[in-house]
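Listed here are the chains, written in short residue letters.
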Amino acid sequence: MSVSTAAADQSVCAPLPVLGRDVTVPLVTGGEVTYAALDYAASAPALQRVWDDVAAYAPYYGSVHRGAGYLSQLSTDLFENARRSVAEFLGCRNGDQVVFTRSTTDSLNLLAGVLPDGCRVFVFETEHHASLLPWRDAQVTYLDAPSSPGQAVETLERALAARDPYGPALVCVTGASNVTGELWPVRELAAAAHAHGARIVLDAAQLAPHHPVNVSDLDVDWVAFSGHKLYAPFGSGVLAGRADWLREAEPYLAGGGASRRVTRRADGGVDVEWHDSAARHEAGSPNVIGAYAIASACKALTEAGFDTLVARERYLIGKVREGLAEVPEVRVLSLFGDDAPRVGVISFVVEGWNSSHFAAALSAEYGIGVRDGLFCAHPLVRTLLGSDPQTQGECGAPEAAPGEKSLNAIRVSFGAGTPDEHVERFVTAVKELVRDGARWNYRTEDGRCVPDTSA
């Protein structure tokens, strides 16, 4: 979509109010500027609506599930209503469970712990480490990066058909790449998994903040996402989906809340009867505020309307991509090609620039926050950069000095709270840095490129 075509769309939705929209930051060249938060793929700013809801609840804070007092009763109702709100947001099926966790990473590690014996896991090398690494106790088949959505489905079908012995299997796939922003063919991958007797879990950390995620419509078995990418505060996440594997496995954590009954045995030990509801994997005092914040964000996005939010985001994507296309030195990273549908996540490299140096200059000289590094998706970024996917590297900690080539990239990401001015400033800054160079000297300190203030 061109900027001219999308211009009509952006008028239907102003940016949603978010915390920090008026924060100013100092520039190394002098003065201050309103901060342009363009690192949504790492953590999106909290919606003002979410923060207001949390603040309104805070005076009524109380323990949940086991308290007789009014505040405990109110907090319990709020916590369980949040669970129902998330289930509605995700279009969960009857019998599905919504388990509150700390993050997407926590959710997928929980799922890894409930896999039945002999379960095989299939995961593309393109996944974020949260999806790539939790399956250490299972037999894992890592699939090569596909060059198209169709090839992704074909690759998965071949791998599932060839598995031996034929037994329980789980496919883990992202909904939208945290590196390229490209949308994956989730519905088609789910159909392929089920056709071969496998189940599928969707990592929706990058998808849920940008597009509707409906478990029933996509026909996935589980979905995982994080609150801090969905415009809620840090420290909360969700695993939602089929209950059977969750009910049959030992609790993720053993402790109060997960147990229905504990009795002493004659031999001095204890017998435990665990809950078979979501509480089975929510031992300890839960993060009630985190759950409430996620539910508030789900309601806010639903009320804003995803059709409207998606239309405006496409407009912003068009502005960024058209601006970058005007700079020959910039190469945008992509698996599926320029025409692939995507969310507001774009990674690129700049010829002649160390990516950390470029990102540091955007921050120090323009007040723009982006991310540089390998984005906790090392094999994918290495593949996109044409280097050995097995080459070691650290997230955001390149060894190359400013001006030297680095095997990492720059990522700009945005969403429902991003004003036009932020992406316009970003495009202008990229053009100026490439044309004129940085206006300040930089040095490497603790693995990061920072302005040199020693002079």
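Preceding block: the structure.
These numbers come from a predicted model, not from an experiment. All chains use their own residue numbering, which begins from 1 and follows the written sequence. For this predicted model, a pLDDT threshold of at least 70 governs which residues receive local features, and a threshold of 80 or more governs which side-chain atom pairs are given and counted, while totals over whole chains, interfaces and linings are taken from all residues. The side-chain quantities take in all heavy atoms of the structure and omit both hydrogens and water.

Student: Looking at this structure, how should I read the sheet that holds strand S17 (residues 409–413)?
Tutor: What holds strands together in a sheet is hydrogen bonding between their backbones, with the strands either parallel or antiparallel. Pairing is antiparallel across the open sheet formed by four strands, whose spatial order is S13-S14-S17-S16. The sheet terminates laterally at strand S13 (330–332) and strand S16 (371–373), the two strands that pair on one side only. Ignoring which end each strand starts from, the neighbouring axes of this sheet average 30° apart. Strands qualify as paired when DSSP identifies two bridges or more between them. The secondary structure listing takes helices from DSSP runs of H or I that are at least 4 residues long and strands from runs of E that are at least 2 residues long, numbered from the N terminus. The pairing of S13 with strand S14 (residues 345–350) spans three bridges and is classified as antiparallel. Paired with Arg331 across the strands is Val349, a residue of S14. Most of the contacts of helix H11 (residues 306–325) go to S14, to which it runs at about 10°, and overall it touches S13, S14 and S17. For helices, the fitted axis covers only the stretch in contact; all axes are lines through C-alpha atoms, and the angles between them, taken along N-to-C directions, range from 0 to 180 degrees. Any two residues having at least one pair of non-hydrogen atoms within 4.5 Å are treated as being in contact.

Student: Would you mind showing me how to read the packing of helix H2 (residues 48–57) against helix H10 (residues 288–304) here?
Tutor: Pairs of packed helices are described in terms of their axes, by the angle between the two and the distance that separates them. Taken N-terminus to C-terminus, the directions of H2 and H10 make an angle of 140°; their axes are 9 Å apart at the nearest point. As far as their axial angle goes, H10 and H2 are oblique. As H2 packs across H10, the resulting crossing turns out to be right-handed. From H2, Arg49, Val50, Asp53, Val54 and Tyr57 reach across to H10, where they touch Val288, Ile289, Tyr292, Ala293, Ser296, Ala297, Lys299, Ala300 and Glu303. The labels follow the angle: roughly parallel below 35 degrees, roughly antiparallel above 145, roughly perpendicular from 65 to 115, and oblique for the rest. Left-handed describes a crossing whose near helix is turned anticlockwise from the far helix by less than a right angle; the clockwise case is right-handed.

Student: Please explain the pairing of strand S19 (residues 448–451) as it appears in this structure.
Tutor: Taken residue by residue, a regular strand's side chains alternate between the two faces of the sheet. Relative to S19, strand S18 (residues 442–445) runs antiparallel, the two being bridged by four bridges. Looking at the pairing, Arg443 lines up with Val450 of S19. Where S18 hands over to S19, the hairpin turn is made up of two residues, of which Asp446 adopts a positive phi near 50°.

Student: Can you help me understand the packing of aromatic side chains in this one?
Tutor: Both the distance between ring centres and the angle between the ring planes are used here to describe each pair of aromatic rings. Pairing of aromatic side chains requires ring centres within 6.5 Å, counting the rings of Phe and Tyr and the six-membered ring of Trp. Pairs whose planes differ by under 30 degrees are stacked, by over 60 edge-to-face, and all others tilted. Under the criterion given, the structure shown has ten aromatic pairs. Seen in terms of ring centroids, Phe348 and Phe358 are 6.4 Å apart; in terms of plane orientation they differ by 90°. Their pairing is edge-to-face. One end of the pair, Phe348, is in strand S14; the other, Phe358, is in helix H12 (residues 355–366), with ten residues separating them in the sequence. Each residue's exposure class comes from its accessible area (1.4 Å probe, protein chains only) as a fraction of the maximum for that residue type: buried when under 20%, exposed when over 50%, partly exposed otherwise. With a relative accessible area of 0%, Phe348 lands in the buried category. A relative accessible area of 0% means that Phe358 is categorised as buried.

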